[in-house]
2 protein chains.
Amino acid sequence: MATIRDVAELAHVSVATVSRTLQQPDRVSPKTRVRVLEAIDHTGYKPNLMAVKFRSGKTHSLVVLVPTVANLFFARVISGMQVAAAQRGYTLLLGNTLGNPDIEAEYAKMVQTSQADGVIQLRAHNPFPADMRTTDGLLPMVNACEVRATTDCPTVTLDNRAAAATMTRHLIALGHRSIALIKGPHASPLTQDRLAGYQDALREANIPFDENLLFNGDFTLQAGYEAAQRILTIGQRPTALFCENDETAIGAVQALKEAGLRIPEDISVAGFDDIAFAGFCDPPLTTIAQPAEEFGQTAVNLLVDVLTGNIKKAPKVIMPFELIVRKSTGPAPTY
Amino acid sequence: MATIRDVAELAHVSVATVSRTLQQPDRVSPKTRVRVLEAIDHTGYKPNLMAVKFRSGKTHSLVVLVPTVANLFFARVISGMQVAAAQRGYTLLLGNTLGNPDIEAEYAKMVQTSQADGVIQLRAHNPFPADMRTTDGLLPMVNACEVRATTDCPTVTLDNRAAAATMTRHLIALGHRSIALIKGPHASPLTQDRLAGYQDALREANIPFDENLLFNGDFTLQAGYEAAQRILTIGQRPTALFCENDETAIGAVQALKEAGLRIPEDISVAGFDDIAFAGFCDPPLTTIAQPAEEFGQTAVNLLVDVLTGNIKKAPKVIMPFELIVRKSTGPAPTY
DNA sequence: TAATTTAATGTAATCCGTTACATTTTTACG
DNA sequence: CGTAAAAATGTAACGGATTACATTAAATTA
């Protein structure tokens, strides 16, 4: 592999001139410029970006910590990140953490070992040791999607509480009084927030909150399927089921159908996220749409702004959501 | 950030000794070893891996070119890659190429610019210029999932032709004689191979091949939906529909149901890939299961073997498939 | 104990591109 | 034409870890 010195030799110039030809072409006379460019052509020279990154101390790489890439919502977020990263000249390093804090910390070390400039965390965790702050007092991190209110780093999130309340109000408006909720993983702020929104809407409508209508899940199809089976075993069957994400809802629908229930005639089901499959299931799923790609783009832009010192204090960006009413929710059955 | 020199100074040794303490601890006396380790602790020293990579010329990074991360089959493949990459001490750089050869070439440049050691390509493309071969005459690349027979780099693939034939035979065995096929993108070898397998099975059964039963798709839900709508407009409606992937099949099922058809009573539908949703749709989808995670693992292992010189010629690995019969296929209706 | 081998440590070059500073060449203008 | 200013180019240090080779210290053997 040809180095800058090979080019310099062939073009009868110094390495500095070659470097300038590429970095600041107007600081080189036209004749030498063409000579150098020809030499580059001849040698097939490509700058060793590892050397550049080492020298500059900047890698222009961002670590993205994703609980799992096998989640369509995250897939969309990541797509958005890649668009923004490419625009800003950054590369993404994807870390599939499986929600494991050790793996998160392992990936975060890439910042400490100068392999990456910053981290985008899709969970409400801080994988850094305490002393990793930049000169501005910020961590080289942004937190997207799942966010804890107490964090002091830039965040991009949804008003999950308001969104869940909106969906719950939709169900209440359809006459539902007994609305089950399949939650996400226990510790997740997402879960907490959506639960809070659900409770808000119940309270507004003077519907007593019933803890027995809360079911645990983990955002997977399987979890939704199993939770729905449990729901069918409780005494008074709820007339509606709000699932904290679409995968859960689709799994639940499957179990409910297998049990012979009609949706939405016998029971309404609602999801959250509006993944592509939501529009292609039977019945199409009523859900909350989130601007997933824009989450990713915003997260990258915020992080790059932090890294370049464009931001002095951590902004909290709130993205809009939209209630998408399809066919899986309908009027509460009257007995 | 502390450097190796800071550590050396604090421990009153040379930088060489510090380096040896970490690389070859037995070449350092026990007393100095503990002294150095203490100094490392005190300074919080973390080796600058950018410097290491630059010095060694090896990045221990692999570029993965994925047409789209928003595809659940690829998501599983990538998960498998990450497992294997972690085991072998490599990092993955994910390139979402959207099937665009320019973007592929852009990412492949990361190898030429020493940002990555090799490439895993999930399409049957060679993004490299001709002169990128290693000393063994191999490209630093493996080709997984979608593979063209003529390629000379290591490959991991399925016998797509045999798999498609297996599925088609399953449909024929159920009495179907008119089987439509929704293909993938035109240029894809996957599409070609699965079409060939479909034709093989027809020929075996002496069923004439009818070009009018071929429909174009692009492996998305939407494409399946639209193709199925087109199928409903042709004169003699087929009794079975074989889709070249599950997304297509699920999209098609939706369109067929909306048109009032029952599955499988009126029309059978089969997919390919066995994504998680295949088991959670209505009806659950008959499909071909592929060992997606193992595709990824094998691909990474092959590439690392190429890079380390463990492999002199390019192996062609064929992975097993399995016919998964669920509820979306049934006996052909008798008119 | 002297001589020799082995272990431990140190010195300095190296990887390659960037850039501050130095030097040379060209241009501009009196 | 000569000198000052501007433009073009060159020299060499730098970044941080690794490692070949050199040197010193410790262990072994005669």
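Quick notes on the rules
Residues numbered from 1 in each chain as written. Chains lettered and ligands numbered in written order. Predicted model: local features only at pLDDT ≥ 70, side-chain atom pairs only at ≥ 80, totals over all residues. Heavy atoms only, no water. Least-squares fit on C-alpha atoms with pLDDT ≥ 70 in both. Contact = heavy atoms within 4.5 Å. Near = heavy atom within 4 Å. Polar contact = N/O pair within 3.5 Å; in protein donor to acceptor, adjacent residues only side chain to side chain. Helix = DSSP H or I, 4+ residues; strand = E, 2+ residues; numbered from the N terminus. Nonpolar A, V, L, I, M, F, W, Y, C, P; charged D, E, K, R; others polar. Buried area = accessible area lost by both parts, 1.4 Å probe. Salt bridge = Lys/Arg side-chain N within 4 Å of Asp/Glu carboxyl O. Domains from an automatic or database assignment.

The name given to chain A in an unreviewed UniProt entry is LacI family transcriptional regulator, with Salinimonas sediminis as the source organism.

### Some details on the relation of the copies chain B and chain A
Take chain B, turn it by 180°, move it 0.1 Å along the axis, and it overlays chain A with an RMSD of 0.1 Å. As the rotation angle and translation indicate, the two copies are arranged about a two-fold axis. Minimal C-alpha separation from the rotation axis in chain B is found for Leu93 of chain B, amounting to 2.6 Å. The share of interface residues of chain B whose copies in chain A are also at the interface is 100%, consistent with both copies meeting through the same surface.

### Re the protein's contact with DNA strand C
As a matter of local geometry, DNA strand C sits amid 26 residues, with Ile4 and Arg55 of chain A together with Ser14, Thr17 and Thr32 of chain B nearest to it. For DNA strand C, the backbone makes up 50% of the atoms found within 4 Å of the protein, where backbone means sugar plus phosphate. One of the backbone N or O atoms of Asn48 of chain A is found 3.2 Å from a phosphate oxygen in DNA strand C. Measuring from a base nitrogen of DNA strand C, one finds a side-chain N or O atom of Arg20 of chain B at 2.8 Å. For the surface near DNA strand C, the secondary-structure elements that each account for two or more residues are α1 (4-11), α2 (15-23) and α4 (49-56) of chain A together with α2 (15-23) and α4 (49-56) of chain B. For the surface near DNA strand C, the element with the most residues is α2 of chain B, which contributes four residues. Looking at side-chain class alone, the surface near DNA strand C contains 11 nonpolar, nine polar and six charged residues.

### Let's talk about the interface of chain B and chain A
Each side of the interface is counted separately: chain B has 45 residues, and chain A has 45 residues. Buried area between chain B and chain A, summed over both chains or domains, comes out near 3900 Å², and the portion from carbon and sulfur atoms is 68%. Of all residues in chain B, Met50, Phe277 and Phe280 of chain B bury the most surface against chain A, accounting for 20% of the area lost on that side. In this structure, the connection of chain B to chain A is made through two salt bridges. Across the salt bridge formed by Lys257 of chain B and Asp282 of chain A, the nearest N and O atoms sit 2.7 Å from each other. In this assembly, chain B and chain A are joined by 10 residue pairs in polar contact (both at pLDDT 80 or more). Considering each element in turn, the side of chain B that touches chain A owes the most residues, six residues, to strand β2 (residues 91-96) of chain B. Residue classes in the side of chain B that touches chain A are distributed as 24 nonpolar, 15 polar and six charged.

### Remarks on the domain arrangement of chain A
All names here are of chain A. Segmenting chain A into domains produces domain 1 (4-47), domain 2 (58-158 + 292-319) and domain 3 (160-290). Facing the 13 residues of domain 2 at the interface are 15 residues of domain 3. Both faces considered, domain 2 and domain 3 share a buried interface measuring about 1100 Å² in area, 53% of it formed by carbon and sulfur atoms. Three residues stand out in domain 2 for area buried against domain 3, namely Leu72, Phe73 and Leu158, and they jointly supply 48% of the buried area on that side. The interface formed by domain 2 and domain 3 holds four residue pairs in polar contact (both at pLDDT 80 or more) in total. Of all the elements in the fold, those that place two or more residues in the side of domain 2 that touches domain 3 are α5 (72-88), β5 (155-158) and α11 (292-307). It is α5 that provides the largest number of residues to the side of domain 2 that touches domain 3, a total of three residues. Counted by class, the side of domain 2 that touches domain 3 contains eight nonpolar, two polar and three charged residues.

### Describing the protein's contact with DNA strand D
What surrounds DNA strand D is a group of 27 residues, the closest being Ser14, Thr17 and Thr32 of chain A together with Ile4 and Arg55 of chain B. Looking at DNA strand D alone, sugar and phosphate atoms form 50% of those within 4 Å of the protein. Thr17 of chain A places a polar side-chain atom, nitrogen or oxygen, 2.7 Å from a phosphate oxygen of DNA strand D. At a separation of 2.9 Å, a phosphate oxygen of DNA strand D approaches a polar side-chain atom of Thr32 of chain A. Residue composition of the surface near DNA strand D, grouped by class: 12 nonpolar, nine polar and six charged.

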